[in-house]
Amino acid sequence: MTAAIPVPAWLVGCGNMAGAMVDGWRASAVDFSNVAVIRPSGAPVESIRTLTDYPDQQPRFVMLGFKPQKLDEIAPRLEPHIESDTIIVSMLAGITASILRQRFPNARAIIRIMPNLPVAQRQGVIPLYSEDRDDQACDAVEGLMGLLGLAPWCEHEDQIAAIGAISASGPAYFARFAEAIGRAGVTHGLSSTLAHSIAAQTLIGTGAFAAATGESMGEVARRVASPKGTTEQGLAVLDGPEGLQPLVDRMLGAALKRVEELAEAARRN
Ligand SMILES: NC(=O)c1ccc[n+]([C@@H]2O[C@H](COP(=O)([O-])OP(=O)(O)OC[C@H]3O[C@@H](n4cnc5c(N)ncnc54)[C@H](OP(=O)(O)O)[C@@H]3O)[C@@H](O)[C@H]2O)c1
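Residues numbered from 1 in each chain as written. Predicted model: local features only at pLDDT ≥ 70, side-chain atom pairs only at ≥ 80, totals over all residues. Heavy atoms only, no water.

### Concerning helix H6 (residues 170-187)
One turn of the α-helix equals 3.6 residues, which is why residues spaced by three or four share an orientation.
Phase 1: A rise of 1.5 Å per residue sets the reference length of H6, with its 18 residues, at 26 Å; its end C-alpha atoms lie 26 Å apart and thus fit the reference within 8%.
Phase 2: Taken together, the buried positions of H6 are occupied by Gly 170, Ala 178, Gly 182 and Gly 185. In an axial view of H6, the angular spread of the buried residues amounts to 110°, which keeps them on one side of the axis. Facing away from the buried side of H6 by over 90 degrees, the exposed positions are Arg 176 and Thr 187. (Helix = DSSP H or I, 4+ residues; strand = E, 2+ residues; numbered from the N terminus. Expected span 1.5 Å × (residues − 1). Buried < 20%, exposed > 50% of the residue type's maximum accessible area, 1.4 Å probe, protein only. Arc of directions from axis to C-beta.)

### Some points on the domain arrangement of the chain
Phase 1: With domains assigned, the chain is organised as domain 1 (9-161) and domain 2 (170-263).
Phase 2: Between the C-alpha centres of domain 1 and domain 2 there is a distance of 32 Å.
Phase 3: Counting residues at the interface gives nine residues for domain 1, matched by six residues for domain 2.
Phase 4: Interface area lost by domain 1 to domain 2 is led by Gln 69, Gly 94 and Ala 161, which between them contribute 54%.
Phase 5: At the surface where domain 1 touches domain 2, the tally comes to zero residue pairs in polar contact (both at pLDDT 80 or more).
Phase 6: Split into classes, the residues belonging to the side of domain 1 that touches domain 2 amount to six nonpolar, three polar and no charged. (Domains from an automatic or database assignment. Contact = heavy atoms within 4.5 Å. Buried area = accessible area lost by both parts, 1.4 Å probe. Polar contact = N/O pair within 3.5 Å; in protein donor to acceptor, adjacent residues only side chain to side chain. Nonpolar A, V, L, I, M, F, W, Y, C, P; charged D, E, K, R; others polar.)

### Section: the site of the ligand
Phase 1: Taken together, 23 residues surround the ligand, and among them Asn 16, Met 17, Arg 39, Ser 41 and Phe 66 come closest.
Phase 2: Asn 16 places a main-chain nitrogen or oxygen 2.9 Å from an oxygen atom of the ligand.
Phase 3: Contact between the ligand and Lys 67: an oxygen atom at 3.4 Å from a side-chain N or O atom of the residue.
Phase 4: Across the complex, the protein chains shield 79% of the 910 Å² of accessible surface that the ligand would expose by itself.
Phase 5: Secondary structure elements with two or more residues in the shell around the ligand: helix H1 (16-27) and helix H2 (71-78).
Phase 6: Of the residues in the shell around the ligand, the class split is 14 nonpolar, five polar and four charged. (Near = heavy atom within 4 Å. Areas by Shrake-Rupley, 256 points an atom, 1.4 Å probe, with all protein chains shown as cover.)

### As for the side chain of Asn 116
Phase 1: By the element assignment, Asn 116 lies in the loop between strand E6 (109-113) and strand E7 (124-125).
Phase 2: By relative accessible area, which is 5% here, Asn 116 ends up buried.
Phase 3: Excluding anything up to four places from it in sequence, Asn 116 contacts Met 17, Gly 124, Val 125, Ser 167, Ala 168 and Pro 171.

### Some remarks on the pattern of salt bridges
Phase 1: Summed over all chains, the structure comprises twelve salt bridges.
Phase 2: Salt bridges sharing common partners tie together Asp 23, Arg 26 and Glu 46. (Salt bridge = Lys/Arg side-chain N within 4 Å of Asp/Glu carboxyl O.)

### A short note on the environment of Ala 165
Phase 1: Topologically, Ala 165 is positioned in helix H5 (residues 157-168).
Phase 2: By relative accessible area, which is 4% here, Ala 165 ends up buried.
Phase 3: Along the backbone, Ala 165 and Ala 254 are 89 residues apart, and their C-alpha atoms lie at a distance of 9.5 Å.
Phase 4: What Ala 165 contacts, discounting residues up to four positions off in sequence, is Gly 170, Tyr 173, Leu 252 and Leu 256.

### Observations regarding the side chain of Glu 157
Phase 1: Structurally, Glu 157 is set in helix H5.
Phase 2: By relative accessible area, Glu 157 is classed as buried at 17%.
Phase 3: Among the polar contacts made by the side chain of Glu 157, one reaches the main-chain amide nitrogen of Ala 97 at a distance of 2.7 Å.
Phase 4: Those residues within four positions of Glu 157 in sequence are excluded, and the remaining contacts are Thr 96, Ala 97, Arg 112, Tyr 129 and Glu 131.

### Here's the deal with the pairing of strand E1 (residues 9-12)
Phase 1: Burial of the side chains of E1 extends over both faces: Ala 9 and Leu 11 are buried on one face and Trp 10 and Val 12 on the other.
Phase 2: Of the pairings in the sheet, the one linking E1 to strand E2 (residues 35-38) comprises four bridges and is parallel in character. The residue bridging Leu 11 from the neighbouring strand is Val 37, located in E2.
Phase 3: Since E1 and E2 lie parallel, the crossover through H1 that links them has a hand, and here it is right-handed.
Phase 4: Sheet topology places E1 next to strand E4 (residues 61-64); four bridges connect them, and they run parallel. Note on E4: the bridge partner recorded for Ala 9 is Phe 61. (Pairing = 2+ DSSP bridges. Right-handed = clockwise from strand over helix to strand, strands pointing away.)

If you want it as structure tokens, here you go:
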């Protein structure tokens, strides 16, 4: 797939997440000439010009990659640069399209995304949502996100939070689960290094296995758990009424509550 960033382009904030996207685009040979990273630290980003303030320019593409809590500070200074052919892409969790439209009334199109860290390896999930019926802008952004992994459009804005709670937060959840399994291995006599490395490799290997076979996670679990075998006993604990599902439901509920709180704080300002 070929895709180009509309230029001039600004990446406003380029920390963990926007940096991971840049890594994925770099691996896709995206052209970064006429792209600028704008961040207060001025910390360099390989092969992209980095600035500490907005240049005297009207960008055609602006990606918001800072924390949602920074919107109030950043929007008033950024807004005068936004013109009727500027596409804004926002990864700000909880900041709705209508809040963004209030802050950037002149923008050509506002497109929300909720990427996850594996975009760096082009194995990401990047849901997209827009209320602006601008097919050209939407196609351009979909092309760019498609370079980084699975990039589905959301019909309703709520879906971006729901998908984000699974895929954007998901690397942290899967990582925590692998850590817990590693710790359990230590309890059973393995060295910490060995236990954590085999737990991590099992997570990586399970993903690779599922990707290669096309099997669902349910099928993968069934394949491992032979009747009356050892894994079946372990799964019975996870599948019990006090097991994994109620815990995961509470986990996602807590994350989605925070999305609501961020949106509410942004609406108040
Ligand atoms: N991390 C994830 O997995 C993930 C997933 C989905 C969505 N997101 C969203 O991605 C956004 C960034 O998260 P992150 O984890 O990448 O945070 P981060 O690593 O802390 O990066 C934040 C970036 O914002 C920049 N910044 C701070 N103040 C700024 C200002 N006044 N003007 C311009 N840039 C400014 C920082 O610049 P300096 O580097 O110069 O300090 C930094 O580059 C958040 O809105 C979050 O909701 C994150």
